[in-house]
Amino acid sequence: MNLKINTLDLSFQTRFGLNDETVAEYAELMQDGTVFPPVSVYDISGVLSLVDGYHRIAAIVRNGGDEIDANVVPGTRADALRAAVKANSEHGQRRSNADKRRALEVAWENREILFDEMLGQNENGVRNNLPSSRQLAAVTG
């Protein structure tokens, strides 16, 4: 589905920042006709939230475009956060150490949303609201 870039909620960016060299490379490839995969967007109660594809969007804007092909899936804020903190763990511009740190920070800041189903009660019946290192690593890829 083609979407206008200016209609997207861009608040789920978990990278420390965009890599200008990657944006320039993508922009050049796009001008040469390379077709990139659609970006990932979550429809959260009518708000279209980008979770993966920030470099591609920046490249399109650099080339003067205003639309992008997107895979849109319905979901919750937790679904979108899970996708965002794991974005680029297996594809795209490799995450820098600062990007990985930022993804962990976002996961930690949103731990009650992200880990609600994983966190239970300890042996004394007290709710444990701190995810383990293993749970953080699994969520962030």
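Quick caveat: nothing in here was measured; it's all calculated off a predicted structure. (Residues numbered from 1 in each chain as written. Predicted model: local features only at pLDDT ≥ 70, side-chain atom pairs only at ≥ 80, totals over all residues. Heavy atoms only, no water.)

A. Just helix 1 (residues 20-31), in detail. Over its twelve residues, helix 1 extends 16 Å from the first C-alpha to the last, a length consistent with the 16 Å expected when each residue adds 1.5 Å. Among all positions of helix 1, only Thr22, Val23, Tyr26, Ala27 and Met30 are buried. For helix 1, the arc enclosing every buried residue in end-on projection is 135°, short of the 170-degree limit, so these residues lie on one face. Set apart from the buried face of helix 1 by more than 90 degrees, the exposed residues are Asp20, Glu21, Glu28 and Gln31. In this structure, the buried residues of helix 1 make contact with helix 2 (54-62). Among the residues of helix 1, the N-terminal cap falls to Asn19, whose side-chain oxygen and the backbone nitrogen of Glu21 are separated by 2.9 Å. Once helix 1 ends, the next one or two residues include Gly33, with phi positive near 100°. (Helix = DSSP H or I, 4+ residues; strand = E, 2+ residues; numbered from the N terminus. Expected span 1.5 Å × (residues − 1). Buried < 20%, exposed > 50% of the residue type's maximum accessible area, 1.4 Å probe, protein only. Arc of directions from axis to C-beta. Contact = heavy atoms within 4.5 Å. Polar contact = N/O pair within 3.5 Å; in protein donor to acceptor, adjacent residues only side chain to side chain.)

B. Structural view of helix 2. All of the buried residues in helix 2 are Tyr54, His55, Arg56, Ile57, Ala59 and Ile60. Residues of helix 2 that are buried in the fold lie against helix 1, strand 2 (39-44), strand 3 (47-52) and strand 4 (67-74). At the C-terminal side of helix 2, Gly64 shows a positive phi close to 90°.

C. Geometry of the pattern of salt bridges. Under the definition given, this model contains four salt bridges. The partner of Lys4 in a salt bridge is Glu67, and the shortest N-O contact between them spans 3.6 Å. Of this pair, Lys4 sits in strand 1 (residues 2-4) while Glu67 sits in strand 4, and the two are 63 residues apart along the sequence. For Glu67, a relative accessible area of 37% corresponds to the partly exposed category. Through salt bridges with shared partners, a single network forms among Lys4, Asp66 and Glu67. (Salt bridge = Lys/Arg side-chain N within 4 Å of Asp/Glu carboxyl O.)

D. Broad picture of the nonpolar core. Core analysis: the biggest nonpolar cluster contains 32 residues, and Phe12, Val39, Val41 and Ile57 have the highest contact counts within it. For this core, the secondary structure elements donating two or more residues are helix 1, strand 2, strand 3, helix 2, strand 4, helix 3 (77-86) and helix 4 (97-109). Residues contacting Val41, with those up to four places away along its chain left out, are Leu3, Leu8, Leu48, Ser49, Leu50, Ala70, Asn71, Val72 and Val73. (Core = buried A, V, L, I, M, F, W, Y, C linked by side-chain atoms within 4.5 Å.)

E. Here's a closer look at the packing of aromatic side chains. One pass over the full model with this rule turns up one aromatic pair. Measuring from ring centre to ring centre gives 4.9 Å for Tyr26 and Phe36, while their planes differ by 50°; the resulting arrangement is tilted. You can see Tyr26 sitting in helix 1 and its partner Phe36 sitting in the loop between helix 1 and strand 2, a full ten residues away along the chain. In this structure Tyr26 comes out as buried when scored by relative accessible area, which is 14%. (Phe/Tyr/Trp six-rings, centres within 6.5 Å; stacked < 30°, edge-to-face > 60°.)

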